[in-house]
Amino acid sequence: MKKIFLFLLFSSYFCSICHCQFSPNIYNYSIAEYKASNQNWDLCRAENGKVYVANNIGLLEYDGLDWKLFQLPNQTTVRSVLAFNNLIFTGSFEEFGFWEENDYGHLVYQSLSDIIKPQISANEEIWQILSYENKVIFRSFSSIYVYDFKNVDRIQPSSAVISLNLIDNDLLVSTLNNGIYKLENKNLVPFFSDEVLKDTKIISIVKKEDQYLILTSLKGSFYLNAKKLRPTKFAFNNEIKQHQLNKFSKLENGDMAFGTIKDGVYIANSKGEIKFHISKENGLLNNTVLGQFLDQNDNLWLGLDNGIASIDLKNTSYFFNDVSGKLGAVYDIVKYQDLLYIGTNTGLFYLDKSNNLNFIDGSQGQVWDLKIIDGNLFCGHNEGTFLVKKNQITKISDFTGGWTIQKVPEHDNLYMQGTYAGLVKFQQKSGKWETKHMGKTTIPSRFLVFENPYTAWVAHAYKGVYKVNFNKSYDTITKITNYGIRGLDSEYNPRVYNLRNDIVFKTNNGWQKYEPLLDSIVPFDLLNEKFGKHSYIISEQSMSPIVLKDKNGVISFKYINNDSVETKINNKLIKNRYIVDYEHVSKINDSLFALNLDNGFMLIDETFKDTTIVFKPKIESVKINGIEIKLSSIKDGSTIKIKYNESINLELSSSNSTNHFFEYSIPSLSEGWFKVDNRNLELNNINHGLYDILLRTIDDSGNTSVAKKLKLDVSPPWYKGTIGLLLYVLVLLTLIGLFYYLHHRKIQKEQRLMRIKYQREQQKLLREKTLENEKHIVQLKNESLQNELKIKSKQLANNAMALVKKNEVLQDIKRELAVNKEGFKDYYAYKKLIKKLNNSIEHKDEWEVFEENFNQVHDEFFTKLKTRHSVLTPKDLKVCAYIKMNLANKEIAPLMNISVRGVETHRYRLKKKLSLENDISLTDYLLNIK
């Protein structure tokens, strides 16, 4: 009853706002997220929590974390979708069938239209699918197809079929011109017809109390009772007529959701009064609703002309959104004299009686603080401090940056404010406000609390905390003590609070408190345990309950005296809209609170208890070394076997959970739980053995699911298994055999070496003896050759001398004959005799014999001489040979049959041919040629 009362109170106060500003939680999925086409025609949610969407280019699957796209074989547009009996039925262009998950976790399509392909009309599309009496019904505009999981039967109405509706186990078929039929045993039986419904698109028929509620596209809504049709008087009729109703859903509490073509979604209560209008103006991506589905948790899923959206209709906390950007970042909200004031970075706004957003002139700039004290609304502003009355503000202080203002305990009309430049006193006298800077310090004072009437604590905006003492008349500060050096574990961005007369501090490292007996700051273990080290208070110190925000962005409402009462706000929509470090929750009434956000705020119904359940993770696929394995091999209690050094990848999902992620633990390896990156757990480099892998789902609030256990058997490496053992035995036997073989071989080798050594010694002795004999023989041969050479040289010299003598004699005879040639009677006889003498002197055969003997003595003399000096003539060679034999010119002359002068001339020419310098003797040069 209390929740109903609060909701009615909220509705009555904000009823006119809700039409344009307030909305439930909306989460949009853009094309960039689901990565498919913009148009989404139909939606459904399976029992396992997965959401399926009929998209322009295929079937979309969403598991709460990731989107997947599956395309039909002909890649046509999917118009309708239904999850039933673990199958996903889809309808498309001239095609309908179902998707089934195979043993690898992939959806595989099976066509049903192929069964009756000839009966399907040309250009026919399936626009609706529903289950009825364990059958699946497919609807196009021209036909109805009934699939009983064996056969497909076609029913062809006489008029275009607009919608199918299941009411109390009756399947009602709405046509365009012939009214409404009921499906009985695959036959269409007339149910109701009226002229008003002719040429009318009946979007939906639902049972409301004891009558039928008929909703049309452009004619509004009607009640059908006792075969009589009458228009309803619902307030939403004008809207759905104007904006063309396209989809309809009815909640269990009687609320209704209307998806329109032109203006988004309208939410109405059971009386037809519009509670919310959700459109592009307050957060929806697109105003055209093509598909609509209400799941069992009252989440309204919308398929839009551009995008997908999910609206939480169960939660009684609502958003005020300003998509125009005029509002800006909200820093404080307060309800004062029946108006809601909103302080932002652009100025001060209020919602008037018509709940339109109004700007208060003169307030432009940063508003830090809105606070009601003693019936006055103070506005701490960047330009100073103002008093607010209705739609006007009056400046009462010029001291800039009014961060926080507090009433001085036990004093009326006396206040202290923390500003950019320190503390400022406010005092009202005779209806006038007096302000005074307290002096001594210009510490930027964002946080200010009183320990007692004359002692306050100030937290520097960026560094340290200070204790400030005032005099009795509050004219000045008597003492300032820096406690940043007295136990404060972090001076950066501290916060100070007065909780039940304890001065407590929140630093980057946790909670601390002031200990008067020690006059220092000490750790506060109670709050570290109760609130958490990384949580800080975002509500006023006088407010109950205390509101905290943790490092994960979760908002918690806590009561110090009652740990069992706690409300948590874990909404992924608000986490990206926090004004970081300036989050603030203000109290609107007993159970309604406002949380400041960027471009708006959230109204939180603290009495609403969201029964958050986190579901056990499901394994979607398993890959070993990148190769998928069948999911049937990992049923509960089974063991996954992998080889050593292989990696295993588990793809996880928990589609029924929200704001969740996954953790894993391997108790035998390490204690504690570890976060899974995204949704894929990859394990590698695991030592061999049997392991229990625990998997669980956890949300940002710390709620966890029951752990799922998986056994993993990592086989040992080959060198530690049976093969390795056999190999080690084989290696050992081989080593023993090798040792025996090498030892035996060593003995044989030593014996052989000894024999070889003995043989070598004998051979060495024989060789030495042989060498000695050979040397002796060579010596004898050399001596013999030397002797032979001497003999040859002597013979050669003798031959040469004999030739010389012979030629001298012949020349003498020639000369005598020349002297006595007159004595010859026959001149020709004389000539003939002279010629014979000349031939005898120059006898070639004698020269050849000489040359052969010469070469035997002077080995290859002519060859070397010709090689060095190719210009030498045979005559030159003869002269060189005679010179080599050390013959004198007069000895050479007879041999050459020339004069001594001719020999000298020839020697001169020969020296030129041999290119010898003047100081080099021709005889020495030739003698040195070996």
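Values in this document were obtained by computation on a predicted structure and should not be read as measured data.

K.L.:
I'd love a proper account of the packing of helix α10 (residues 889-896) against helix α11 (residues 900-913), names of residues and values included.
P.N.:
Between α10 and α11, whose axes approach to 8 Å, the crossing angle comes to 100°. On the basis of their axis angle, the class for α10 and α11 is roughly perpendicular. Facing Asn-889, Lys-890, Ile-892 and Ala-893 of α10, the residues of α11 in contact are Val-900, Val-903, Glu-904 and Arg-907. Counted by class, the contact of α10 with α11 contains 4 nonpolar, 1 polar and 3 charged residues.

K.L.:
How would you summarise the sheet that holds strand β49 (residues 510-515) if you had to cite specific residues and measurements?
P.N.:
What links the strands of a sheet is backbone hydrogen bonding, and the strands pair in either a parallel or an antiparallel sense. Ordered by their spatial adjacency, 4 strands build an open sheet running β47-β48-β49-β50, and the pairing between neighbours is antiparallel. Strands at the two margins of the open sheet, each flanked by one partner only, are β47 (495-499) and β50 (520-523). Adjacent strand axes in the sheet meet at a mean angle of 35°, parallel and antiparallel pairs treated alike. Where β49 lies against β50, 4 bridges are found, and the strand directions are antiparallel. When the sheet's bridge partners are listed, Gln-512 is paired in β50 with Pro-523.

K.L.:
An account of the packing of aromatic side chains is needed here, citing residue identities and associated values.
P.N.:
According to the stated counting rule, one finds 52 aromatic pairs in the structure shown. A ring pair is formed by Tyr-336 and Tyr-341, whose centres lie 6.3 Å apart and whose planes are at 55°; its orientation type is tilted. On the basis of an interplanar angle of 70° and a centroid distance of 5.4 Å, the ring pair of Trp-457 and Phe-505 is categorised as edge-to-face. Residue Trp-457 is found in strand β44 (residues 455-460), and its partner Phe-505 is found in strand β48 (residues 502-507); the two are separated by 48 residues along the sequence. Taking the relative accessible area as the measure of exposure, Phe-505 reaches 0% and is therefore buried. Here the aromatic residues Phe-84, Phe-89, Phe-96, Phe-98, Phe-138, Tyr-145, Tyr-147 and Phe-149 are joined through ring pairs into a cluster of three or more.

K.L.:
Can you break down the environment of Tyr-908 residue by residue, with the values?
P.N.:
The residue Tyr-908 is located in helix α11 in this model. Residues Tyr-908 and Leu-922, spaced 14 residues apart in sequence, show a C-alpha to C-alpha distance of 9.0 Å.

K.L.:
Got a sec to walk through α10? Specific residues and values, please.
P.N.:
A large share of α10 lies buried, amounting to 6 of its 8 residues. All of the buried residues in α10 are Asn-889, Ile-892, Ala-893, Pro-894, Leu-895 and Met-896. After α10 finishes, the residue Asn-897 shows a positive phi value of roughly 60°.

Thresholds applied
Residues numbered from 1 in each chain as written. Predicted model: local features only at pLDDT ≥ 70, side-chain atom pairs only at ≥ 80, totals over all residues. Heavy atoms only, no water. Axes fitted to C-alpha atoms, helices over the stretch in contact; angles between N-to-C directions. Helix = DSSP H or I, 4+ residues; strand = E, 2+ residues; numbered from the N terminus. Parallel < 35°, antiparallel > 145°, perpendicular 65-115°, else oblique. Contact = heavy atoms within 4.5 Å. Nonpolar A, V, L, I, M, F, W, Y, C, P; charged D, E, K, R; others polar. Pairing = 2+ DSSP bridges. Phe/Tyr/Trp six-rings, centres within 6.5 Å; stacked < 30°, edge-to-face > 60°. Buried < 20%, exposed > 50% of the residue type's maximum accessible area, 1.4 Å probe, protein only.

Keep in mind these values describe shape, not function.
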